[in-house]
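Observations on the model geometry
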Amino acid sequence: MEVEVVDLYATNPGPIDGYVLYDQDKHVSTAVWEGQERGALRCHEHTSKLDQWTLTPKQIELVQKAGFGYLRSIPAISLDNPLISALVERWRRETNTFHLNVGEMTVTLKDVALLIGLAIDGDPVIGITYTACSSVCEKYLGKAPESGYTSGGMVKLSWLKEFFSHCPENASMEVIEQHTRAYLLYLVGSTIFSTTTGNKVPVMYLPLFENFEQCGRYAWGAAALAFLYRALGNASLKTQSTISGCLTLLQCWSYFYLNIGRPKLNHDPMRDQFPFVLRWKGKQSGPTANRDVIFYRKALDSLKPSDVDWLPYRSMDSTVIPEDIKSTLILGRSKTMLICFDKAERHLPNRCLRQYGMLQSIPEHVDHWERKSRGVDGGVNLSGKMESELSEWMDRHLHIVDGYEEVDENEYIQWYLKITRRFVGRPISLSSEFQRTNAGLRDIAHIADTFITDGLDADQIESICRIRLIAHECLRDQFGGGPAMVPATPQVELGKRVRGKERVRRKGTGKRSRRDDNDAVQYNAASEDEQPQFYGAAMKIEELQLSHVDREADQAQIYALDNEVNSVLLLHADGDHGGENLQLCDANFELDQSALGSTADEENNEEPKHIAPEVNNEEPKHAAGELNKELNHLASEDNEEEASHLATEGHNEEPKHAADAVVKEELNQNAEEIDVANKAHDDAQASDISKEVDDVSHEIKNTSPSDASLLEVNNSDRVT
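Residues numbered from 1 in each chain as written. Predicted model: local features only at pLDDT ≥ 70, side-chain atom pairs only at ≥ 80, totals over all residues. Heavy atoms only, no water.

What follows concerns the overall build of the chain. Counting secondary structure elements, the chain contains 22 helices and 16 strands. Burial statistics for the chain: of 720 residues in total, 52% are counted as buried. The contacts of the chain with a sequence gap of at least 6 include a subset with a gap of at least 24, amounting to 77%. (Helix = DSSP H or I, 4+ residues; strand = E, 2+ residues; numbered from the N terminus. Buried < 20%, exposed > 50% of the residue type's maximum accessible area, 1.4 Å probe, protein only. Contact = heavy atoms within 4.5 Å.)

Further remarks concern the pattern of salt bridges. Going through the model one piece at a time under the given rule, you end up with 18 salt bridges. Put simply, R230 and E345 hold a salt bridge, and the shortest N to O gap is 2.5 Å. Residue R230 is located in helix α11 (residues 220–235), and its partner E345 is located in strand β12 (residues 343–347); the two are separated by 115 residues in the primary sequence. Grouping residues by exposure puts R230 and E345 together as buried. The residue K343 makes a salt bridge to D342 at a minimum N-O spacing of 3.5 Å. A residue is classified by how much of its surface remains accessible, and K343, at 17% relative accessible area, is buried. (Salt bridge = Lys/Arg side-chain N within 4 Å of Asp/Glu carboxyl O.)

Strand order in the open sheet made by the three strands is β5-β6-β7, with antiparallel pairing throughout. Of all the strands in the sheet, just β5 (150–151) and β7 (200–202) have a single pairing partner and so form its edges. Bridge analysis of strand β6 (residues 154–156) against β7 gives three bridges, and the strand direction is antiparallel. Within β7, the position partnered with K156 by the bridge is K200. (Pairing = 2+ DSSP bridges.)

Residue P15 is reached from G14 by a cis peptide bond, and omega for that bond is 0 degrees. Position of P15 relative to the elements: it lies in the loop between α1 (8–11) and α2 (28–33). With an omega dihedral of 5 degrees, the bond running from F274 to P275 counts as a cis peptide bond. When you line up the elements, P275 lands in the loop between β9 (264–265) and β10 (284–285). Unusually for a residue other than glycine, N170 sits at a positive phi of about 55 degrees.

We now examine the nonpolar core. The biggest cluster of nonpolar side chains holds 116 residues, and the ones touching the most others in it are F68 and L160. Filtering out sequence-adjacent residues up to four positions away, F68 remains in contact with V63, L118, L184, L187, V188, I192, F209, C215 and W220. Counting residues in hydrophobic clusters, the runner-up holds six residues, among them V20, L21, W415 and I419. (Core = buried A, V, L, I, M, F, W, Y, C linked by side-chain atoms within 4.5 Å.)

Read these as geometric descriptors, not functional statements.
This is the structure:
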């Protein structure tokens, strides 16, 4: 038998070892794997109207002194929402890195400094929180917004633009500074600190703009990265649909490092301008219409080492990098805490050493940490609540990460593939995977059902039964749930009772699934209450249970008849050696519709007999009545001698053949008459039928041991 070698990740996308990505169940990749698409994220960045601000030369000087001269020069770059969304699906907030097939990567402090020109060294961006805007705006802007322009501690960007986008000529220095503070608040609220509210910015940044020289000493680049890390972490949760933060930084970072979605520009790349995001300035060309989230997801899932540029800035002109920024690039390798008011995020360059031209070793374990929401109350100075985080930032120069010369990156890759989420999208479709899994489960169930147990001890037989039970339960669960399967013993001793629970089938509208002629049993994708009953154990006549016959060569036909009284169901099973058996089973449960199933011969691919493929609610009752009439005929005095003769034949094959011939003739007759509605079953008739059935059962049970062969399947290893 051929064994198909299946890639482990085709069914298990990872992580195989979950001690690193411990929040996998909350991550969007879990929802995507289960077929729950959320589409492209709504990206909140508001750079489109920045060029509508008119700044005087004095204002530009103050903006540069405050440390935002380069950020101001960055034009509005069209955001690729599907690309950003696909990157978010790869972001892990446990490590603050992108988990790609080639290893971990992240936006580092070095990237922030080179791409958008913000300071990555200096004082932490932290201060006092506010829950009202009036007093703060009045103090630093000289004007308080009306209530319609505020929301808690935030003010609308439109209010700032309406009242401060044009500084009056011959304005006093105080007015110029007020208008410049309004511009800086608009600038950070549109770019590095954009929020998911869409058009508002917290006023807590205003006090940091009071003194422009002091403002220039803050590590705004570190704060921007902390804000982006937090935004990426929130957006990576499967419950989110928006993302904020400096998305221009994120998108251009991807352009530099990954050969996925890079735009084709209508001009030569600008290698002599700083900051480096200006390389992507200009109108793009090339097809982008069909690049949705799934397109980028597949590209990231199949990312190759050749698609990654680990050192993208080597091709840029380093002489254009300002000295004050170049001197701080060493902090790009600092393992430290990034701070932006109440947001504190870990910067872990030791997990991305190849972005610094070093060999990547297995990184040390990252401790779990809980992201706290601080500063809910107004007037709270967060410095007193974040002492440990501030202490770590103060020691940032002491934790510069260095690589090792002798490192086997193959060991890292082997470790990494066990702890990462290798795929976000499925390598094969849900339907294909479902069909393959279902086929495998059916094979396992069939092998267990037909396993010959002669010579096995009790423990081995129990193991076979356990395998059968698990396989049937999995098949049941895969098709929408259903009644619990009864574990079957391959060899059922004569007279031993094996009982199983029955479930009443309620009225429902489950869709009928298409028959698979290669399946031993047809499993309908219906609700739990609509699922038919299949039992894997051969039942004695005392049990009167609905039975299921599973044959390798010839499959059984199962007929479930709707009757409100104890009716007897004839189950016809073809033997392997030409012999035929007759089983009597109870069909004592209320059904809205008949569960008429038919299975194909697996070896001969013969077309199965279909007994009344389309029936209504009344037809099963008529069929039950007809079968009971025939049983009454067999059990009557006129036929008692004939029935006794059939039961006492010395050879097993003849009575089986005779009985089966009667059954076939009766069932064929019923197939012609089953479409006639019959509602004449009253309680008195039901009681008489039940008594006569019990008499028949009693007579058969009291026959000699040789006669009992009528109740068992020839081969004891087959399940009825």
